[in-house]
Amino acid sequence: MGDSGHANDDLKSADVRLHSPACLRNRDSILEVLKRVLPPSGILLEVASGSGEHAAYMAPKLSPLIWQPSEVEEVLRASIGAYVDETASPNLMPPLRLDVYQEVWPLSRADALVCINMLHIAPWSAAEALLRGASRLLSPGGVLYLYGPFIREDAETAPSNLAFDESLRARNAEWGLRRLETLTALAESWDLSLEETVEMPANNLSLIFRRD
């Protein structure tokens, strides 16, 4: 089943640091893909960094690529900041406040953008805003990496993902698993081409887009 990742009620507290069980389950498989598709250096912006555990685990392993985490919620930025301090990796930056709906983001450019487990726990308008912002921010040839559970026309959806989708929509009618074809068409309208789809554990996908 797709793991919900950053939904606030899935996070458990340890002082100001929050803990997401999904991060422990998926971090190594995600990192394996990122090592292959990300540029070796430059600036990576992580949108919706959640607890900050992905950033703390992955940034040191991707040095010298600079990892810039971000979140809109103050409690999550506090958790990210605590993990940043604990990790003390020179390429892991303190978190920025980033609201994807804002037309001006706190970074003016990036070589890569990563967003893990956000699209299914946010309104569709957030996906639109994310892709619009990625198109503005990414350098030509820059990578947009998305991870999570999706529905595809050419593949049978796992029963566990269908149940997960139903539970998400029961919690919030604007949430739910996104259709890959719809997302891809929207991305193309913002000059972002789907380059690769990678099957991941627990019926998740890694989507690698490239800025045209």
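Residues numbered from 1 in each chain as written. Predicted model: local features only at pLDDT ≥ 70, side-chain atom pairs only at ≥ 80, totals over all residues. Heavy atoms only, no water.

A. Up close: the pairing of strand S6 (residues 110-116). Where burial is concerned, most of S6 is hidden: seven out of the seven residues are buried. Here strand S3 (residues 43-47) pairs with S6 via four bridges, running parallel. Note that in S6 the partner of Leu-44 across the bridge is Ala-112. Pairing between S6 and strand S7 (residues 138-148): six bridges, direction parallel. (Buried < 20%, exposed > 50% of the residue type's maximum accessible area, 1.4 Å probe, protein only. Helix = DSSP H or I, 4+ residues; strand = E, 2+ residues; numbered from the N terminus. Pairing = 2+ DSSP bridges.)

B. Focus on the layout of surface pockets. If you add up the space inside the second largest pocket, you get close to 150 Å³. Along its surface, the second largest pocket is lined by Phe-150, Ile-151, Arg-152, Ala-155, Glu-156, Thr-157, Ala-158, Asn-161, Glu-199, Asn-203, Asn-204 and Leu-205. Those elements giving two or more residues to the lining of the second largest pocket turn out to be strand S8 (150-151) and strand S11 (204-211). Classifying every residue of the lining of the second largest pocket gives five nonpolar, four polar and three charged. (1 Å grid on protein atoms, 1.4 Å probe; cavity = no way out; pocket = protein on both sides within 12 Å on 5 of 7 lines; lining within 4 Å. Points joined across faces, edges and corners; volume = space filled by probe spheres on them. Nonpolar A, V, L, I, M, F, W, Y, C, P; charged D, E, K, R; others polar.)

C. Highlighting helix H6 (residues 180-189). Within H6, the full set of buried residues consists of Leu-180, Leu-183, Thr-184, Leu-186 and Ala-187. All buried residues of H6 fall inside an arc of 165 degrees around its axis, so they share one side. Packing partners of the buried residues in H6 comprise helix H4 (124-137), S7, S8, strand S9 (178-179), strand S10 (192-200) and S11. Backbone geometry just after H6 places Asp-191 at a positive phi near 65 degrees. (Arc of directions from axis to C-beta. Contact = heavy atoms within 4.5 Å.)

D. Geometry of the packing of aromatic side chains. In the structure shown here, the tally under the stated rule is zero aromatic pairs. Above the plane of the ring of Tyr-57 lies Lys-61, whose end atom (NZ or CZ) is 3.9 Å from the centre. In this structure, Arg-136 packs its charged tip against the face of Trp-105, placed 5.6 Å from the ring centre. (Phe/Tyr/Trp six-rings, centres within 6.5 Å; stacked < 30°, edge-to-face > 60°. Lys NZ or Arg CZ within 6 Å of the ring centre and 35° of its normal.)

E. Focus on the pattern of salt bridges. For the structure shown, the criterion picks out 10 salt bridges. For the salt bridge of Asp-165 with Arg-169, the shortest nitrogen-to-oxygen distance reads 3.1 Å. Of this pair, Asp-165 and Arg-169 both sit in helix H5 (residues 159-171), separated by four residues, roughly a single helical turn. The class for Asp-165 is buried, based on a relative accessible area of 12%. Note on Arg-169: relative accessible area 36%, which makes it partly exposed. Several salt bridges share partner residues, and in doing so they unite Asp-15, Arg-17 and Glu-86 into one network. (Salt bridge = Lys/Arg side-chain N within 4 Å of Asp/Glu carboxyl O.)

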